[in-house]
Amino acid sequence: MAEHRSMQRAALLDAARSLLSEGGTDALTFPALAERTGLARSSVYEYFRSRAAVVEELCEVDFPVWAAEVGAAMEGADSAEGKVEAYVRQQLALVGDRRHRAVVAISASELDAGAREKIRAAHGGLVAMLGEALEELGHVQPRLAAMLLQGVVDAAVRRIELGAAEHPEAVTEAAVSMALRGVKG
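Residues numbered from 1 in each chain as written. Predicted model: local features only at pLDDT ≥ 70, side-chain atom pairs only at ≥ 80, totals over all residues. Heavy atoms only, no water.

> Lay out the packing of aromatic side chains in plain terms, naming residues and giving numbers.
Within the structure shown, the criterion is met by two aromatic pairs. Aromatic pair phenylalanine 30 and tyrosine 45: ring centres 4.4 Å apart, planes at 55°, arrangement tilted. Of this pair, phenylalanine 30 sits in helix α2 (residues 30-37) while tyrosine 45 sits in helix α3 (residues 41-47), and the two are 15 residues apart along the sequence. Each ring, one from phenylalanine 63 and one from tryptophan 66, has its centre 5.6 Å from the other, and the planes form 25°; the classification is stacked. Of this pair, phenylalanine 63 and tryptophan 66 both sit in helix α4 (residues 51-75), three residues apart, roughly one helical turn. Look at phenylalanine 63 and you get buried, because its relative accessible area is 3%. Relative accessible area serves as the criterion here: at 8%, tryptophan 66 is assigned to the buried category. Taking NZ or CZ as reference, arginine 5 lies 4.3 Å from the ring centre of tyrosine 47, over its face. Over the aromatic face of phenylalanine 48 sits the side chain of arginine 9, whose NZ or CZ is 4.5 Å from the ring centroid. (Phe/Tyr/Trp six-rings, centres within 6.5 Å; stacked < 30°, edge-to-face > 60°. Helix = DSSP H or I, 4+ residues; strand = E, 2+ residues; numbered from the N terminus. Buried < 20%, exposed > 50% of the residue type's maximum accessible area, 1.4 Å probe, protein only. Lys NZ or Arg CZ within 6 Å of the ring centre and 35° of its normal.)

> Describe the pattern of salt bridges, naming the residues involved and giving the relevant values.
Counted under the stated rule, the structure contains eight salt bridges. The salt bridge partner of glutamate 173 is arginine 89, with a shortest N-O separation of 2.7 Å. Of this pair, glutamate 173 sits in helix α9 (residues 168-181) while arginine 89 sits in helix α5 (residues 80-93), and the two are 84 residues apart along the sequence. Each of Asp14, Arg17 and Asp62 takes part in a single network of salt bridges with overlapping partners. (Salt bridge = Lys/Arg side-chain N within 4 Å of Asp/Glu carboxyl O.)

> How would you summarise the confidence of the model for the protein chain if you had to cite specific residues and measurements?
Mean pLDDT over the protein chain: 86, with 89% of residues reaching 70 or higher. Taken element by element, the protein chain is modelled with least confidence in helix α6 (residues 98-107), mean pLDDT 63, and with most confidence in α5, mean pLDDT 95. (pLDDT = per-residue confidence, 0-100.)

Okay, structure coming up:
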């Protein structure tokens with residue numbers, strides 16, 4: 001019985017990812033979750049008390065995986081500058097990943113305090129990894145620089161998500177250049 005509940009919960013989370021990546025937070029409704037999983041709408045409430053609870057669980061499951069992928073890319077770099085580049089490239093490479101699209105949709109939505117705190121903590125972990133690399137580079141204010149650089153990454157993510165005129169690879173190269181060389185390019 002516990003295994004069945006676990007499988008149903010995983011199916012609901014997978015359906016939530018799909019709904020978020022296809023239609024944003026407006027698409028994440030209990031009737032839509034029920035339809036995607038073949039459950040009765042009332043059964044969805046047995047697993048999650050609210051839409052915010054679904055979002056919180058997605059954050060708990062997906063953010064650590066995303067952060068681990070960024071961390072692994074950074075660890076594979078042979079210099080502090082390489083770590084900064086890997087940080088930017090890996091996050092932008094994840095834009096096409098369904099989990100990432102769900103995370104972007106979640107981040108853009110109206111969330112309750114618990115979900116916002118989980119997102120803040122996950123982003124804090126990413127920024128801390130970047131801060132360490134910037135400290136290795138001798139940056140005077142590595143935490144501040146890391147937070148600002150994350151803003152560049154976030155802007156690049158939005159640009160790619162919007163289907164901007166530039167090819168995603170061009171957006172990635174511009175973001176990497178800005179991260180490594182500032183506005184001088």
